[in-house]
Amino acid sequence: GSATVDHCTFAYNVGGKTGCCFYGALDAHGAPSTTTITNNVFYANDLPLTIPATISLDDSNVFTNPADALVGNKMNGVFLETDGEFTAAITWAETEVAFVVNDNDLWVDVAASLTLADDVVVKFLPDGTLLYDGTNLLNHDGTGVAFTSFKDDTQKGDTNGDGAITTPADNDWGGIYNNSDAVSD
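Residues numbered from 1 in each chain as written. Predicted model: local features only at pLDDT ≥ 70, side-chain atom pairs only at ≥ 80, totals over all residues. Heavy atoms only, no water.

Asks: So what's going on with the overall build of the protein? Which residues, and what values?
Replies: In terms of helices and strands, the protein carries zero helices and 20 strands. Against the compact-globule benchmark of 16 Å for 185 residues, the protein has a radius of gyration of 15 Å, which places it among compact chains. Along the longest, intermediate and shortest principal axes, the C-alpha atoms of the protein span 50 × 40 × 35 Å. The buried share of the protein, reckoned over its 185 residues, is 45%. Here the analysis covers contacts within the protein between residues at least 6 apart in sequence; of these, 62% occur between residues at least 24 apart. Total accessible area on the protein is roughly 8,300 Å²; 50% of this is exposed by carbon and sulfur atoms. Between the centroid of the 5 positive side chains of the protein and the centroid of its 27 negative side chains there is a distance of 10 Å. (Helix = DSSP H or I, 4+ residues; strand = E, 2+ residues; numbered from the N terminus. Rg over C-alpha atoms; globule rule 2.2 N^0.38 Å. Buried < 20%, exposed > 50% of the residue type's maximum accessible area, 1.4 Å probe, protein only. Contact = heavy atoms within 4.5 Å. Areas by Shrake-Rupley, 256 points an atom, 1.4 Å probe, with all protein chains shown as cover. Lys, Arg positive; Asp, Glu negative; His and termini not counted. Charge placed at Lys NZ, Arg CZ, Asp CG, Glu CD.)

Below, the structure written as structure tokens:
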């Protein structure tokens with residue numbers, strides 16, 4: 001089955017990291033790709049949202065308190081469960097916060113595609129990688145699209161929740177690989 005989560009408010013929840021897993025105030029990491037998460041508000045949570053990488057997400061969700069834009073979430077991002085590959089056309093369009101790829105490989109199968117909207121930022125944990133096959137990573141060079149470290153607070157804010165304690169450095173994450181030519185992009 002699938003679910004629709006629409007016009008809900010998730011506030012003052014814990015969420016966060018347990019071991020190697022990230023759990024959001026809305027933890028949809030086991031949801032099927034037909035799940036829809038739209039028009040929701042997330043604020044004052046340790047970690048707002050976890051989804052599988054196979055869910056398309058538009059830009060209708062809000063990650064700050066509508067009454068006070070300074071109240072966000074401690075680890076402000078959309079955390080992706082990236083076990084294995086996906087085989088459908090997926091679009092990531094959330095631009096208020098970054099998408100976060102965990103320490104696994106994210107495979108965009110040759111029969112699938114991943115489209116990034118302009119101004120989308122994808123952050124990676126240390127062993128996180130993105131693998132695609134030739135032409136199925138769409139708009140990767142779009143206006144404002146960025147790929148960076150989980151520690152990079154300059155792109156969509158503080159996603160790892162540690163303030164300025166850590167900063168990005170060379171070799172902070174695995175990379176992006178075009179699997180059709182075995183070359184790192």
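Asks: Before we move on, can you summarise a negative patch on the surface with the specific residues and values?
Replies: A contiguous patch of negative charge, built from D58, D59, D118 and D119, is present on the exposed surface. By the secondary structure assignment, D118 is in the loop between β14 (113-116) and β15 (121-124). (Patch = residues over 30% accessible without salt bridge, like charges linked within 9 Å, V, L, I, M, F, W, Y side chains within 5 Å. Salt bridge = Lys/Arg side-chain N within 4 Å of Asp/Glu carboxyl O.)

Asks: Help me get a handle on the confidence of the model for the protein, residues and values and all.
Replies: A low pLDDT means the predicted coordinates there should not be read in detail. Scored by pLDDT, the protein comes out at a mean of 91, with 96% of its residues at no less than 70. Element-level pLDDT for the protein is lowest in strand β20 (residues 183-184), with a mean of 54, against a maximum mean of 98 in strand β6 (residues 36-38). (pLDDT = per-residue confidence, 0-100.)

Asks: Please give an account of the environment of C21 that cites residues and values.
Replies: One can find C21 in strand β4 (residues 21-23). Counting along the chain gives 39 residues from C21 to S60, while the straight-line C-alpha distance between them is 25 Å.

Asks: An account of the sheet that holds strand β8 (residues 49-52) is requested, with residue identities and associated values reported.
Replies: Read from one edge to the other, the open sheet built from six strands follows the order β5-β8-β9-β12-β15-β18, with strand pairing classed as parallel. Strands at the two margins of the open sheet, each flanked by one partner only, are β5 (26-27) and β18 (146-149). Where β15 meets β18, four bridges bridge the pair, whose relative direction is parallel. Its bridge partner being in β18, K123 is matched across the sheet by T148. (Pairing = 2+ DSSP bridges.)

Asks: Would you mind going over the sheet that holds strand β11 (residues 89-92) in detail, with residue names and values included?
Replies: Taken together, three strands build an open sheet; the order of strands is β11-β14-β17 and the sheet is parallel. Edge positions in the sheet fall to β11 and β17 (137-138), since each of these pairs with one other strand and no more. Note that β11 and β14 share four bridges and pair parallel. Within β14, the position partnered with A89 by the bridge is S113.

Asks: Lay out the nonpolar core in plain terms, naming residues and giving numbers.
Replies: With 34 residues, the main nonpolar core has L49, I51, V78, W92 and L114 as its most contacted residues. Among the secondary structure elements, those contributing two or more residues to this core are β8, β9 (77-81), β11, β12 (98-101), β13 (105-108), β14, β15 and β16 (129-132). Beyond its immediate sequence surroundings of up to four residues, W92 is in contact with A53, I55, L57, L80, F99, L106, L114, T115, L116, A117, V120 and V122. Of all hydrophobic cores here, the second largest spans seven residues; its members include L47, V100, L125 and F150. (Core = buried A, V, L, I, M, F, W, Y, C linked by side-chain atoms within 4.5 Å.)

Asks: So, the pattern of salt bridges: which residues are in play, and what are the values?
Replies: If you walk through the whole model with that rule in mind, you get one salt bridge. Across the pair D172 and K151 runs a salt bridge, and its minimum N-O distance is 3.6 Å. One end of the pair, D172, is in the loop between β18 and β19 (175-178); the other, K151, is in the loop between β18 and β19, and 21 residues separate them in sequence.

Asks: I'd like a description of the pairing of β15, backed by residues and values.
Replies: Here β15 shows two buried faces, one formed by V121 and K123 and the other by V122 and F124. Relative to β15, β12 runs parallel, the two sharing three bridges. Across the sheet, residue V100 finds its bridge partner in β15, namely K123.

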